[in-house]
Amino acid sequence: MPEPQEPERAIAATGMGGAMDLATSEATSLEKTTPGGPEGGPSAPARSLWSDAWRDLRRNPVFIVSGLVILFLVVISLWPSLIASGNPLDCDLGNAQKGSAPGHPFGFNEQGCDVYTRVVYGTRVSVTVGVCATLGVALIGSVLGGLAGFFGGAWDAVLSRITDIFFAIPVVLGGLVLLSVVTSSTVWPVIGFMVLLGWPQISRIARGSVITAKQNDYVQAARALGASNPRMLLRHIAPNAVAPVIVVATIALGTYIALEATLSYLGVGLKPPTVSWGIDISAASQYIRNAPHMLLWPAGALAITVLAFIMLGDAVRDALDPKLR
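Since we're looking at a predicted model, the values are computed, not measured.

What counts as what
Residues numbered from 1 in each chain as written. Predicted model: local features only at pLDDT ≥ 70, side-chain atom pairs only at ≥ 80, totals over all residues. Heavy atoms only, no water. Helix = DSSP H or I, 4+ residues; strand = E, 2+ residues; numbered from the N terminus. Polar contact = N/O pair within 3.5 Å; in protein donor to acceptor, adjacent residues only side chain to side chain. Contact = heavy atoms within 4.5 Å. Disulfide = S-S within 2.5 Å. Salt bridge = Lys/Arg side-chain N within 4 Å of Asp/Glu carboxyl O. Buried < 20%, exposed > 50% of the residue type's maximum accessible area, 1.4 Å probe, protein only. Core = buried A, V, L, I, M, F, W, Y, C linked by side-chain atoms within 4.5 Å. Lys, Arg positive; Asp, Glu negative; His and termini not counted. Expected span 1.5 Å × (residues − 1). Arc of directions from axis to C-beta.

(A) Quick look at the side chain of Thr-163. Take Thr-163: it is sitting in helix α5 (residues 153–167). Engagement of the side chain of Thr-163 in a polar contact is seen with the backbone oxygen of Ser-160, the distance being 2.7 Å. Other than its neighbours up to four places away in sequence, Thr-163 contacts Trp-199, Pro-200, Ser-203 and Arg-204.

What follows is the structure, given as structure tokens:
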């Protein structure tokens, strides 16, 4: 009777500097499942935070819907004549407060101006104010907060006290005081006011994010290898600390658009002949019973715009927050 043969044995590497005595079939199976394969080749490249975030955003219906709405708003703010052929300043008192008519789907305001054309052209002002104010706030707040968080000490203490002072100023009341003495009808005084009172929020976010990032091991390793402060801040800390700033800035963009409309409604923001949703809402508020269309259309456009940017910010926050993964 033939004796049972012992299965052929093989030595398989464990991947941690050791080895295991396995059967040949088991060793082959282990090699197939070992990252990099039997030849020790490169494994699949690890995805970064940004690639993972973009993958999640593309699958998020909230991001898709809000992104399409914002894209549409940006297009008509750049080229309003694509969907509105009239002039927002052409008015006919004979059509004052009239409802919708052929070629004028939104009706007319109290001066006989086409409400549809004014709503379309008002998009340019709102998007311009929101984008410019957000860029200014993000730039100033990120630089000051990042430097305070990185260097600490007296610089951090002074900046913290300054931000506390700005946080104590009510935004609307500050606008009433500061903008009431401005006679310019351009958007730049309003943008400057928003940047002046908005940077402390971004600064505090950037400061906390930089303090967290500079404690990581890769920053300590770069410091031990002799990396300069600018290199550590720009190459190692900033890319890993910018995500919270992007999230807050995206949500704040919609808030700045609403703030511009509020200040214009109160009469201290943009002034005629500038076409603004806030100006139209303010003028139409006293005619809401007789001609509600004058108020509903610009107010609806404002609400949709603000909601789109807030939804976009929420989607970006969900994609960039590792705790939600």
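(B) Just the state of the cysteines, in detail. Counted under the stated rule, the structure contains one disulfide. With its sulfur 1.6 Å from that of its partner, Cys-91 forms a disulfide with Cys-113. On the S-S bond that ties Cys-91 to Cys-113, the torsion sits near 70 degrees, and the link is right-handed. Of this pair, Cys-91 sits in the loop between α3 (61–78) and α4 (115–151) while Cys-113 sits in the loop between α3 and α4, and the two are 22 residues apart along the sequence.

(C) Region of interest: the pattern of salt bridges. By the definition in use, this model includes seven salt bridges. Among the ionic pairs, Asp-164 bridges to Arg-204, the shortest N-O distance being 2.7 Å. Residue Asp-164 is found in helix α5, and its partner Arg-204 is found in helix α7 (residues 188–213); the two are separated by 40 residues along the sequence. Residue class for Asp-164 comes out partly exposed when judged on its relative accessible area of 32%. By relative accessible area, Arg-204 is classed as partly exposed at 41%. Overlapping salt bridges bring together Arg-161, Asp-164 and Arg-204 as one network.

(D) Layout of the nonpolar core. Val-129, Phe-193 and Met-194 are the most contacted members of the largest nonpolar core, which has 29 residues in total. Among the secondary structure elements, those contributing two or more residues to this core are α4, α5, α7 and α10 (243–265). Considering every element that reaches this core, the biggest residue donor is α7, with nine residues. Sequence-distant contacts of Val-129, defined by excluding residues within four places in its chain, comprise Val-187, Val-190, Ile-191, Met-194, Tyr-256 and Glu-260. If you look at the next biggest cluster of nonpolar residues, it comprises 28 residues, including Ile-70, Val-247, Trp-277 and Ala-319.

(E) Layout of the side chain of Glu-260. Within the secondary structure layout, Glu-260 lies in helix α10. The side chain of Glu-260 is buried and forms no salt bridge, while Lys-271, the nearest opposite charge, is found at 10 Å. Every residue in contact with Glu-260, bar those within four places of it in the chain, is listed here: Val-125, Ser-126, Val-129, Val-190, Met-194, Leu-270 and Ser-276.

(F) Geometry of α5. For α5, which comprises 15 residues, the first-to-last C-alpha distance of 21 Å matches the rise-based estimate of 21 Å (1.5 Å per residue) to within 8%. Within the sequence span of α5, burial applies to Asp-156, Leu-159, Ser-160, Thr-163 and Phe-166. The arc enclosing the buried residues of α5, seen along the axis, measures out at 125 degrees, which places them on a common side. Of the exposed residues in α5, those oriented more than 90 degrees away from the buried face are Ala-154, Arg-161 and Ile-165. Each element contacted by the buried residues of α5 is listed here: α4 and α7.

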